[in-house]
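These are the residues of each chain, in order.
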Amino acid sequence: MERLEFSKKMIRVVFMLLPALAFIPVKAQEQPIALSLEKALEIAMSENPTVKVAEQEIEKKKYAKKGAYAALFPQVNFGADYSRTLKKQIVYFGESGGFESMFDPLINGAEKLISGYVPDYTPGSLAAAIGEASQEAARESASSDGGMEMGLSNNWSFGFTAGMPLINAALWKSLSISGQDVELAIEQARSSKIDLANQVKKAYFSVLLANDSYTVFKESYDNAMKNFLDVRQKYEQGLVAEYDLIRADVAVKNVEPNMLQAENAVKLVKWQLKALLGMDLDLAIECGGKLTDFESELLGDYITATANASLDDNTSLKQLDIQNEQLKNTLKLQKLDFIPTLSLSAAYNWNAMNENFKFKEYRWNPYSMIGISLSFPIFTGGSRVQKANQTKVTITQLQLRKEDLERNLQLVVRQSLDNMNTCVKRYGAARKGVEQAGRGYMIAQKRYDTGAGTLLEMNDAELAMTQAKLNFNQAIYDYVTAKSDLEKTLGKQAN
């Protein structure tokens, strides 16, 4: 019985502990990643896919440049060839004495030489023997009309060939164009980094603005809640009317949606920042600092930015300059097509012919050659001239595009500087507005506490203070984003 009672007690203890055990976390929550603006830019430059693609493009252009240089070196190839003769070629030597007459002087000389060394030699024996042999061969291979077949059925050939240019001005000029392809890819990568840095800065500033806006609305909500609790206490004591209690409650309800919307805005801008950094959207991040940390930039950067507003480093203009140089080199390359070229070639091959496939019995006959080839272009129907004319028109078009782009960029620079100047003025006004609004709220609160003021006055003062703080933060945000856009236009490289 004692054991049974003990077991029942243990069961009750376990059931009592089950709710508590259910709330024990499986693992501790991961600490959010602390990000500064410099750290965010560093992560973006190493993890963002756009930057990685741009860097890969540079590597691809470098390989293409090395491939272009390969054309200057000898090109060595190995080849093999087999052909089967289906119908052999027939050769005709004439009807009478055509073939034999060519060898008569040689045969007569041999006859005299043999007669001098062989006493019982019968003159004409060598000629008769050669004649019979040739007639027999002719009978075996002659066609119906007296021709002779040439060659064997199986023909084999394999060997090496080599060639390289000795004088080719067009090829040499194309190498400089390949080098400019690499230069253009590098500038395009720099453009991607500058554009990404601008996006990361603006996203980071958006997070700070959302954080500061949430803080402002949270403070407003806390003030409204504090006022509501104070008014309710006074209402319960009979010191204020029910209307004040209702107005205080409505003030809380009006501020709460703004606070929740600001809290949701923080999540959205953090997602945008993490996407730009190439990070998992589920990772927790915390952006350090506040917009007020950039107040110092408003005081001195505008004058510096105005003095250094030069488009010399603008990446779009630099890319057009590189493309213009490429077109000029292309035009020179097309003109070099009128210049002759000189190339060197060599070959070493082995040949064999037979009637069967007994490779061990084949006689492989090597042969080799070396030569120089000169090619002088004379007439191609005018295609080279027309290509050169097209390139000239393209160069003119590119120059017009650059002039138009430069005018538009100058307009963007002036607009950015004007926006920065306006933001500086807004910042000064908003800063004074925050100071005055804070003081006005304190006065309205004291007046209400002493009975000299109304709840409406205090609510108006609270709303004015909230709006002044939002304007203050917005002025700083607009300035730093305008400055970031200006740096992008001027082609300032991200650190």
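Along every chain, residues carry numbers that run from 1 in the direction the sequence is written. Predicted model: local features are reported for residues with pLDDT of at least 70 only, side-chain atom pairs are reported and counted for 80 or more only, and whole-chain, interface and lining totals are derived from all residues. The side-chain quantities take in all heavy atoms of the structure and omit both hydrogens and water.

1. Brief notes about the overall build of the chain
Assigned secondary structure in the chain consists of eleven helices and eight strands. Put simply, the chain has 495 residues, and 30% of those count as buried. In this description, contact between two residues means that some pair of their heavy atoms is separated by no more than 4.5 Å. When contacts within the chain are restricted to residue pairs at least 6 apart in sequence, long-range pairs at least 24 apart make up 84% of them. Shrake-Rupley sampling with a 1.4 Å probe provides the accessible areas, and residues are treated as covered by the protein chains on show and by no other component. Within the structure as shown, the chain displays about 31700 Å² of accessible surface, and the carbon and sulfur contribution to it stands at 58%. The way it works is that DSSP assigns letters per residue, a run of H or I at least four long becomes a helix, a run of E at least two long becomes a strand, and they are numbered from the N terminus. Working definition: with a 1.4 Å probe on protein chains only, accessible area under 20% of the residue-type maximum means buried, over 50% means exposed, and in between means partly exposed.

2. Some points on the sheet that holds strand β5 (residues 154-167)
Pairing between the strands of a sheet comes from backbone hydrogen bonds, and it takes one of two forms, parallel or antiparallel. Taken together, four strands build an open sheet; the order of strands is β2-β5-β7-β8 and the sheet is antiparallel. Lying at the two open borders of the sheet, with one neighbouring strand each, are β2 (75-84) and β8 (365-375). Strand-to-strand, the axes of this sheet are offset by a mean angle of 20°, without reference to chain direction. DSSP calls a pair of strands paired once it identifies at least 2 bridges connecting them. Strand direction decides the pairing type here: β5 and strand β7 (residues 341-354), joined by 13 bridges, are antiparallel. Fitted lines through C-alpha atoms give the axes, limited to the stretch in contact for helices. The angle between two N-to-C directions lies from 0 to 180 degrees.

3. Section: the packing of aromatic side chains
Each aromatic ring pair is summarised here by two numbers: the centre-to-centre distance and the angle between the ring planes. Two rings belonging to Phe, Tyr or Trp (six-membered ring only in the last case) form a pair when the distance between their centres is within 6.5 Å. Interplanar angles under 30 degrees mark stacking, angles over 60 mark edge-to-face geometry, and anything in between is tilted. Under the defined criterion, the tally for this structure stands at ten aromatic pairs. Taken together, a centroid distance of 4.4 Å and an interplanar angle of 45° make the contact between Y82 and W156 tilted. Separated by 74 residues along the polypeptide, Y82 in strand β2 and W156 in strand β5 bring together distant segments of the chain. Given a relative accessible area of 21%, W156 falls into the partly exposed group. Note on Y427 and F472: the rings are 5.5 Å apart at their centroids and 35° apart in plane angle, and the pair reads as tilted.

4. With respect to the packing of helix α2 (residues 37-47) against helix α3 (residues 49-69)
Two numbers describe a pair of packed helices, the interaxial angle and the distance between the axes. In contact at an axis separation of 6 Å, α2 and α3 are set at 50° when each is read in the N-to-C sense. It follows from the interaxial angle that α2 and α3 lie oblique. Of the residues in α3, those in contact with A44, M45, S46 and E47 of α2 are P49, V51, K52 and E55. A breakdown of the residues in the contact of α2 with α3 according to their chemical character gives four nonpolar, one polar and three charged. These descriptions rest on fixed angle ranges, namely under 35 degrees for roughly parallel, over 145 for roughly antiparallel, 65 to 115 for roughly perpendicular, and the rest for oblique. Three classes are used: nonpolar for Ala, Val, Leu, Ile, Met, Phe, Trp, Tyr, Cys and Pro, charged for Asp, Glu, Lys and Arg, and polar for all others, with Gly counted as polar.

5. Describing a nonpolar patch on the surface
Taken together, Y82, F357, F359 and W364 make up a surface patch of nonpolar side chains, about 410 Å² in accessible area. Relative to the elements of secondary structure, F359 occurs in the loop between β7 and β8. Here F359 falls in the partly exposed class, since its relative accessible area comes to 45%. Patch membership needs two things, relative accessible area over 30% and no salt bridge, and members are linked within 9 Å if like-charged or within 5 Å if nonpolar (Val, Leu, Ile, Met, Phe, Trp, Tyr). What makes a salt bridge here is a side-chain nitrogen of Lys or Arg within 4 Å of a carboxyl oxygen of Asp or Glu, nothing more.

6. Details of a positive patch on the surface
A contiguous patch of positive charge on the surface is contributed by K328, K332, K335 and K392. By residue number, the principal contributor to the positive patch is helix α9 (residues 315-335), which donates three residues. Mapped onto the fold, K392 is located in helix α10 (residues 383-450). His residues and chain termini do not enter the charge count, which takes Lys and Arg as positive and Asp and Glu as negative. One atom stands in for each charge, and that atom is NZ of Lys, CZ of Arg, CG of Asp or CD of Glu.

7. Focus: the side chain of Q180
Here Q180 is to be found in helix α6 (residues 169-236). Setting aside anything within four residues of it in sequence, one finds Q180 in contact with I322, E325, Q326 and N329.

8. Considering the side chain of Q334
Structurally, Q334 is set in helix α9. In terms of polar contacts, Q334 uses its side chain to reach the side chain of T391, at 2.9 Å. By the criterion applied in these results, polar contacts are pairs of N or O atoms within 3.5 Å in which, for protein atoms, one can donate a hydrogen and the other can accept it, and in which residues neighboring in sequence qualify only through two side-chain atoms.

9. Description of the pairing of β5
The side chains of a regular strand alternate, first on one face of the sheet and then on the other. Direction of pairing for β2 relative to β5: antiparallel, over a ladder of ten bridges. Bridged to N77 within β5 is T161.

10. Re the pairing of β7
Of the pairings in the sheet, the one linking β7 to β8 comprises eleven bridges and is antiparallel in character. Its bridge partner lying in β8, Y348 is registered against S368.

11. Points about the nonpolar core
Within this scheme, the nonpolar core is defined by two criteria: the residues are buried Ala, Val, Leu, Ile, Met, Phe, Trp, Tyr or Cys, and they are joined through side-chain atoms within 4.5 Å. In this structure, V200, Y204, F205, L273 and L277 are the most contacted members of the largest nonpolar core, which totals 47 residues. The set of elements that each furnish at least two residues to this core consists of α2, α6, α7 (242-276), β6 (285-287), α10 and α11 (455-490). Examining the composition of this core, we find that ten residues originate from one element, α6, more than from any other. In this structure, Y221, A248, A444 and L455 belong to the second largest nonpolar core, which totals 23 residues.

12. Some points on α6
Expected helix span is given by 1.5 Å per residue-to-residue step, counting one fewer step than there are residues. Taking 1.5 Å per residue, 68 residues should reach 100 Å; α6 reaches 100 Å between its end C-alpha atoms and fits that length. Just past α6, the residue G238 takes up positive phi, approximately 80°.

13. Quick word on the pattern of salt bridges
Applying the stated criterion across every chain yields a total of 17 salt bridges. The salt bridge partner of E219 is K469, with a shortest N-O separation of 2.9 Å. Of this pair, E219 sits in helix α6 while K469 sits in helix α11, and the two are 250 residues apart along the sequence. Take E219: its relative accessible area is 34%, and that puts it in the partly exposed class. Residue class for K469 comes out partly exposed when judged on its relative accessible area of 23%. Here R426 and D478 are joined by a salt bridge, their closest N and O atoms 2.8 Å apart. A residue pair is termed long-range when its members are at least 10 positions apart, and R426 in helix α10 and D478 in helix α11 qualify at 52 residues.

14. Quick look at the environment of D449
Inspection of the secondary structure puts D449 in helix α10. Taking the relative accessible area as the measure of exposure, D449 reaches 46% and is therefore partly exposed. The spatial distance from the C-alpha of D449 to the C-alpha of D230 is 9.5 Å, given a sequence separation of 219 residues. In contact with D449, not counting residues within four places along its chain, are D230 and K234.

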